[in-house]
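# Secondary and tertiary structure notes
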Amino acid sequence: MMLYMGRLARAAAAELAVASTEQKNAALEAMAAALEAGTEKILEANAKDLEAAEKNGRDAAYLDRLRLDGGRVAAMAKGLREVAALPDPVGKTMASWTRPNGLEIARVRVPLGVIGMIYESRPNVTADASGLCLKAGNAVILRSGSDSFLTSLVIANHLTEAIKSVGLPGEAIQLVPSVDRQAVGFILGGLDGAIDVIVPRGGKSLVERVQNEARVPVFAHLEGNCHVYVDETAPLDMARDVVVNAKMRRPGICGAAETLLVSRAAVPTHLTPIVDALIEAGCEVRGDPDTQHTDSRVKTATDEDWDTEYLAPIIAVKVVDDLDDAIDHIAEHSSHHTDAIVTSDDAAAAEFLSRVDSAIVLHNASTQFADGGEFGMGAEIGIATGRFHARGPVGVEQLTTFKYVVRGQGQTRS
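No experiment lies behind these values; they were computed from the predicted model shown.

Each value, and the rule that gives it
Residues numbered from 1 in each chain as written. Predicted model: local features only at pLDDT ≥ 70, side-chain atom pairs only at ≥ 80, totals over all residues. Heavy atoms only, no water. Helix = DSSP H or I, 4+ residues; strand = E, 2+ residues; numbered from the N terminus. Buried < 20%, exposed > 50% of the residue type's maximum accessible area, 1.4 Å probe, protein only. Core = buried A, V, L, I, M, F, W, Y, C linked by side-chain atoms within 4.5 Å. Contact = heavy atoms within 4.5 Å. Polar contact = N/O pair within 3.5 Å; in protein donor to acceptor, adjacent residues only side chain to side chain. Salt bridge = Lys/Arg side-chain N within 4 Å of Asp/Glu carboxyl O. Patch = residues over 30% accessible without salt bridge, like charges linked within 9 Å, V, L, I, M, F, W, Y side chains within 5 Å. Areas by Shrake-Rupley, 256 points an atom, 1.4 Å probe, with all protein chains shown as cover. Disulfide = S-S within 2.5 Å. Axes fitted to C-alpha atoms, helices over the stretch in contact; angles between N-to-C directions. Parallel < 35°, antiparallel > 145°, perpendicular 65-115°, else oblique. Phe/Tyr/Trp six-rings, centres within 6.5 Å; stacked < 30°, edge-to-face > 60°. Pairing = 2+ DSSP bridges. Right-handed = clockwise from strand over helix to strand, strands pointing away.

### Regarding unusual backbone geometry
- Positive phi, close to 55 degrees, is recorded for aspartate 192, a residue that is not glycine.
- By secondary structure assignment, the location of aspartate 192 is in the loop between α8 (182–188) and β6 (197–201).
- With a relative accessible area of 73%, aspartate 192 lands in the exposed category.
- Here the phi dihedral of asparagine 364 falls at roughly 55 degrees; this positive angle occurs in a residue that is not glycine.

### Let's talk about the nonpolar core
- Grouped together as the largest cluster of nonpolar side chains are 71 residues, with contacts concentrated most on Met31, Ile115, Met117, Ile381 and Leu399.
- The leading source of residues in this core is helix α2 (residues 21–37), at 7 residues.
- In this structure, isoleucine 381 is in contact with Ile115, Met117, Ala129, Leu132, Cys133, Val199, Arg201, Val394 and Leu399, ignoring residues within four places of it in sequence.

### Focus on the side chain of serine 144
- Within the fold, serine 144 resides in the loop between β4 (139–143) and α7 (149–165).
- On the basis of relative accessibility, which here comes to 1%, the residue serine 144 falls in the buried class.
- Only 3.0 Å separates the side chain of serine 144 from the side chain of serine 148, close enough to count as a polar contact.

### Regarding the pattern of salt bridges
- Evaluation of the coordinates by the stated rule reveals 25 salt bridges.
- For the salt bridge of aspartate 276 with arginine 297, the shortest nitrogen-to-oxygen distance reads 2.8 Å. In this pair, aspartate 276 is assigned in helix α11 (residues 267–280) and arginine 297 in the loop between α12 (289–294) and β10 (299–300), connecting sequence segments 21 residues apart.
- Judged by relative accessible area, arginine 297 falls into the partly exposed class, the value being 37%.
- Among the ionic pairs, aspartate 305 bridges to arginine 286, the shortest N-O distance being 3.0 Å. Of the two residues, aspartate 305 is situated in the loop between β10 and β11 (314–320) and arginine 286 in strand β9 (residues 284–287); the sequence distance between them amounts to 19 residues.
- Residue aspartate 305 is classed as buried on the basis of its relative accessible area, which comes to 4%.
- Salt bridges linked by common partners bring Asp276, Glu280, Asp295 and Arg297 together as one network.

### What about a nonpolar patch on the surface?
- The grouping of Met94, Trp97, Phe402, Tyr404 and Val406 at the surface amounts to a nonpolar patch, some 460 Å² of accessible area in total.
- Of all elements in the fold, only β1 (93–98) and β16 (400–407) reach the threshold of two or more residues within the nonpolar patch.
- Of all the elements, β16 adds the most residues to the nonpolar patch, at 3 residues.
- Looking at the element boundaries, methionine 94 is found in strand β1.
- Judged by relative accessible area, which is 34%, methionine 94 ranks as partly exposed.

### A closer look at the state of the cysteines
- Using the criterion set out here, one finds 0 disulfides in the structure.
- Cysteine 226 takes part in no disulfide bond, and the closest cysteine sulfur, belonging to cysteine 254, lies 6.9 Å away.
- The thiol sulfur of cysteine 283 is not disulfide-bonded, and the nearest other cysteine sulfur, from cysteine 226, lies at 14 Å.
- Cysteine 283 sits in the buried class, given a relative accessible area of 4%.

### A word on the packing of α2 against helix α5 (residues 70–85)
- Two elements in contact, α2 and α5, have axes separated by 8 Å at closest approach and are oriented at 170 degrees. Classified by the angle their axes make, α2 and α5 are roughly antiparallel. Between α2 and α5, the contacting residues are Asn25, Leu28, Glu29, Met31, Ala32, Ala33, Leu35 and Glu36 on the first element and Val73, Met76, Ala77, Leu80, Arg81, Val83 and Ala84 on the second.

### Some points on the packing of aromatic side chains
- Using the criterion set out here, one finds 2 aromatic pairs in the structure.
- Between tryptophan 97 and tyrosine 404, the aromatic rings sit 6.4 Å apart at their centres with planes inclined by 75 degrees, giving edge-to-face as the arrangement. Linking tryptophan 97 in strand β1 with tyrosine 404 in strand β16, this pair joins segments that are 307 residues apart in sequence.
- Taking relative accessible area as the criterion, tryptophan 97 reaches 34% and is therefore assigned partly exposed.
- Between phenylalanine 402 and tyrosine 404 the ring centres are 5.7 Å apart and the planes differ by 85 degrees, which places this aromatic pair in the edge-to-face class.

### Some words on the sheet that holds β1
- Across the sheet, 3 strands lie side by side as β1-β2-β16; this open sheet has antiparallel pairing. Edge positions in the sheet fall to β1 and β16, since each has one partner strand and no second. Looking at each pair of strands side by side, their axes are set apart by 20 degrees on average, direction ignored.
- Where β1 and strand β2 (residues 104–111) come together, 5 bridges link them in antiparallel fashion. Bridging across to β2, threonine 93 finds its partner in valine 108.

### Description of the pairing of strand β8 (residues 257–263)
- Most of β8 is tucked away, with 7 of its 7 residues classed as buried.
- Here 5 bridges tie strand β7 (residues 226–230) to β8, and the two strands are oriented parallel to one another. Bridge pairing in β8 places valine 228 opposite leucine 260.
- Following the backbone out of β7, through helix α10 (residues 236–248) and into the adjacent parallel β8, one traces a crossover that is right-handed.

As structure tokens, this is what we get:
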């Protein structure tokens, strides 16, 4: 079955590669409308998934990633329309030049081909990945986790019917109709050459397995151990708002801050009010001795805390000597996902943004902006922290590669 899905996807990808922008945008609009029309059925399936996940003892952060409501379904539809509104990268000339012999050479964007998407508890990924892949001219094979399977299946069925309604191949979006773990192995093997790249979206164990076993390229990150550094020039209100938002807006996403670093010079003015605001917002604070000294409610941080992605309302707090000390701490403990500085010192900001080696670095903004939609890329298929091909939010443009188109007038090489 899996090899047959791969052959269907490869054939669909060949059609999508030459589909017009108008055709792809019509499909995306139809997909958005189908989600809106099917909201009731999607939420019914999601309620069943949530009930099963709760019985299986899933924690609050996991359930939050799994849960859909009318607003989140509407956001998926909105994301598809935003993708439709984006420029079509396929066929775009990236660079061109003419050689002395008259050969005209152009580097032109083309689709990657077939994307294998393996994900766990986020049913919205079904729509986000499908929309982005389609806009970039790619077919996608989706393998949902067992906890979100019913929801993802209903979403995928709506999307497939929408694509077919505008004359594009329904096989452009295929969801593996099983939660058998063997299906993951088939995808990691590349389905006999059908899959060009794999994107995992889930917990550390899933991503590690994909990175260790995949026989095709992978866009992935293992963890989102994100930091916020507050220096002594940061406006207190701004620093407090940014830190609380970075941690508490949605603690279970990969862009949530997990460690707060505070300059020693900022301790007298900033540390107590920021820690108090975090605790009042419902966050457990684990701190070094300097932080514990400011508030008796702060628990003791261990060495393990500096390397932990909590995905929960917990944050580790450390006082650092200065900017260099903060950058050194991030270099040692960061997962190279997203790190931020809050400061009024432009020189300090420039140094932080230059020296911190993460896919996303921010100045005076919450780490929760680590999202393709917030970057104006429409939805995203994930955040890549490696250096291969794509880094940061993986959107439409990152789901293309390029080829060289050479035009001559009969030239031959001597």
